[in-house]
Amino acid sequence: MATSHVDKKKRHRKTKKHTANHPNAIAQHIRSAKSQTNAIFSLTSSSNPNPKNLGPFSDRQRILVVGDGDFSFSLSLAVFLGGRNVVATCYDSKLELKEKYSSALLNCDALETAGAQVHFDVNATCLKKEKWLNVAQPFHAIVFNFPHLGGSTEADVANNQKFLREFFYSTRQYLHPTRGQVLVSLRNTLFYNRWKIQEQAAVNGFQLKRMEAFDASIYAGYEPQRTHPASFRGEPPSTTGAHYFIFTLDKSFEVIDPGQKFLERSDAVEQARGSAVNQGTLEKKMAALPTKLTCQPCGLTFRAVKKYNGHMNSAKHAKKVKALKKKH
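The name an unreviewed UniProt entry gives the chain is C2H2-type domain-containing protein, with Peronospora destructor as the organism.

Q: Looking at this structure, I do not really get the overall build of the chain. What am I missing?
A: Helix and strand content of the chain: 13 helices and eleven strands. For the chain, buried positions account for 37% of its 328 residues. Nonlocal contacts in the chain, meaning residues at least 24 apart in sequence, comprise 71% of its contacts between residues at least 6 apart.

Q: Looking at this structure, I do not really get helix 3 (residues 72-81). What am I missing?
A: Every α-helix carries 3.6 residues per turn, so stepping three or four residues along brings you back to the same face. Across the ten residues of helix 3, eight count as buried, placing the element largely inside the fold. Those residues of helix 3 not exposed but buried are Ser 72, Phe 73, Ser 74, Leu 75, Ser 76, Leu 77, Ala 78 and Leu 81. Looking one or two residues beyond helix 3, the residue adopting positive phi is Gly 82, at roughly 100°.

Q: Explain the environment of Glu 96 here, please?
A: With respect to the element layout, Glu 96 can be found in helix 4 (residues 94-100). Residue Glu 96 is classed as partly exposed on the basis of its relative accessible area, which comes to 38%.

Q: Would you explain the confidence of the model for the chain in this entry?
A: For any part of a model where pLDDT is low, the fine detail of the predicted coordinates should not be relied upon. On average, residues of the chain score 78 in pLDDT, and 63% of them are at 70 or above. Across residues 271-279 the pLDDT falls below 50, and counting only partners more than four positions away or on other chains, this stretch makes six contacts in the model.

Q: Before we go on, may I ask you to explain the nonpolar core in this structure?
A: It is characteristic of soluble globular proteins that their nonpolar side chains tend to be buried jointly. Within the largest apolar cluster, 31 residues are counted, with the highest numbers of intra-cluster contacts made by Phe 57, Phe 73, Leu 77, Tyr 219 and Tyr 244. Mapped onto this core, the elements with two or more residues apiece are strand 3 (63-66), helix 3, strand 4 (86-89), helix 5 (104-113), strand 6 (141-145) and strand 9 (243-249). Sort the elements by how many residues they give to this core and helix 3 lands first, with five residues. With 29 residues, the next largest nonpolar core counts Val 87, Phe 167, Phe 191 and Phe 245 among its residues.

Q: Please explain the pairing of strand 7 (residues 181-186) as it appears in this structure.
A: Sheet faces and side chains relate simply in a regular strand, where the side chains alternate between the two faces. With six of six residues buried, strand 7 is to be regarded as a mostly interior element. Of the two faces of strand 7, the one lined by Gln 181, Leu 183 and Ser 185 and the one lined by Val 182, Val 184 and Leu 186 are each fully buried. Regarding the hand of the β-α-β motif, the stretch spanning strand 6, helix 7 (residues 154-171) and strand 7 is right-handed. Strand direction decides the pairing type here: strand 7 and strand 9, joined by five bridges, are antiparallel. Of the residues in strand 9, the one forming a bridge with Val 184 is Phe 245.

Q: Can you help me understand the pattern of salt bridges in this one?
A: Charged atoms that come close allow side chains of opposite charge to pair. For the structure shown, the criterion picks out five salt bridges. Of the charged contacts in the structure, one is a salt bridge between Arg 60 and Asp 59, with a shortest N-O distance of 4.0 Å. Look at Arg 60 and you get partly exposed, because its relative accessible area is 47%. Note on Asp 59: relative accessible area 16%, which makes it buried. A salt bridge links Glu 154 to Arg 194, with the shortest nitrogen-to-oxygen separation between them at 2.2 Å. Of the two residues, Glu 154 is situated in helix 7 and Arg 194 in the loop between helix 8 (190-193) and helix 9 (197-202); the sequence distance between them amounts to 40 residues. Given the relative accessible area of 29%, Arg 194 is considered partly exposed.

Q: Before we go on, may I ask you to explain the side chain of His 119 in this structure?
A: The residue His 119 is located in strand 5 (residues 117-119) in this model. Only 3.2 Å separates the side chain of His 119 from the side chain of Gln 117, close enough to count as a polar contact. Setting aside its immediate chain neighbours within four residues, His 119 contacts Phe 71, Val 87, Ala 88, Thr 89, Cys 90 and Trp 132.

Q: Looking at this model, I keep getting lost on the pairing of strand 3. Mind explaining?
A: Side-chain alternation along strand 3 places Ile 63 and Val 65 on one buried face and Leu 64 and Val 66 on a second face that is also buried. Sheet analysis places strand 3 next to strand 4, joined by three bridges and oriented parallel. Residue Val 65 lies in a different strand from strand 4, and its bridge partner there is Ala 88. Crossover strand 3 to strand 4 through helix 3 is right-handed.

Q: Sorry, what's going on with unusual backbone geometry here?
A: Outside of glycine, negative phi angles account for most residues, and trans bonds account for most peptide bonds. Notably, Asp 121 is not glycine yet its phi reads approximately 60°, a positive angle. The topology assignment puts Asp 121 in the loop between strand 5 and helix 6 (131-134). For Asp 121, a relative accessible area of 49% gives the class partly exposed. Its identity as a non-glycine residue notwithstanding, Phe 146 has a phi of 50°, on the positive side. Accessibility expressed as a relative area gives 23% for Phe 146, which makes it partly exposed.

Basis of the calculations
Residues numbered from 1 in each chain as written. Predicted model: local features only at pLDDT ≥ 70, side-chain atom pairs only at ≥ 80, totals over all residues. Heavy atoms only, no water. Helix = DSSP H or I, 4+ residues; strand = E, 2+ residues; numbered from the N terminus. Buried < 20%, exposed > 50% of the residue type's maximum accessible area, 1.4 Å probe, protein only. Contact = heavy atoms within 4.5 Å. pLDDT = per-residue confidence, 0-100. Core = buried A, V, L, I, M, F, W, Y, C linked by side-chain atoms within 4.5 Å. Right-handed = clockwise from strand over helix to strand, strands pointing away. Pairing = 2+ DSSP bridges. Salt bridge = Lys/Arg side-chain N within 4 Å of Asp/Glu carboxyl O. Polar contact = N/O pair within 3.5 Å; in protein donor to acceptor, adjacent residues only side chain to side chain.

Written as structure tokens, this is what we have:
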């Protein structure tokens, strides 16, 4: 007896319903979708042999993003430049991230689908604690967008300065030896300018290579986030007037772990307090605490960051470095 067209449609609907409700079928469907998406990303990346650029970034770079809020910035890089060379990290745990930003985990899935790595609980000021990072290839770009510990007082300025110093120190061993750059975006306001980012970078051997405007609109899908989204009634932070500070590292510059320097300075402060008869004496002793910035190629030592920066940008220093390179 011939099967009617209606019977065939009924059986098809039953089979489809059973398949859709079966956990293995759902998992298989997800894997299939991800596989197709990966193929598209791969095809897109390989079909254009010319280098792609997005702001100061290129698909020829290995990029480490630290302190990403909801991973939307990292995702914008991965989509445009390809995810294989993007490593995205955030300070929050996966659970905290889910509670703070509604789209964060979706962005994480998309990043992994694009071939990027995603890591949680990463402290940008102590990267050496990350075992996976210690075996990773060096990065051409380490980027930290709008670092901010919160607050707006004098103490907050000092805390953010210390935060930047520790961040710069933390990045040193993970940068590409010749093409490595550290990029930090900050708004151009009095509060942020008082952080004196160039000075915090200089004490860790970094020189400002250039500055360029931060244009959030070129990063498709990027949504700036606050550290505490509930503040300011959930309004996103402004990026108006923001700039990228792009630094390169002078490997010949020897630095001490900022944490160790802080302990040494604290000991000196306690000694000064014990012997000081008044605040004026204490301030004089504080001013006398040594701060050494050494240029190894030239054999010169400076106590003022401004003088050190002036020397590092001088023709005399450039000539000396060039001569040393010729010898080697």
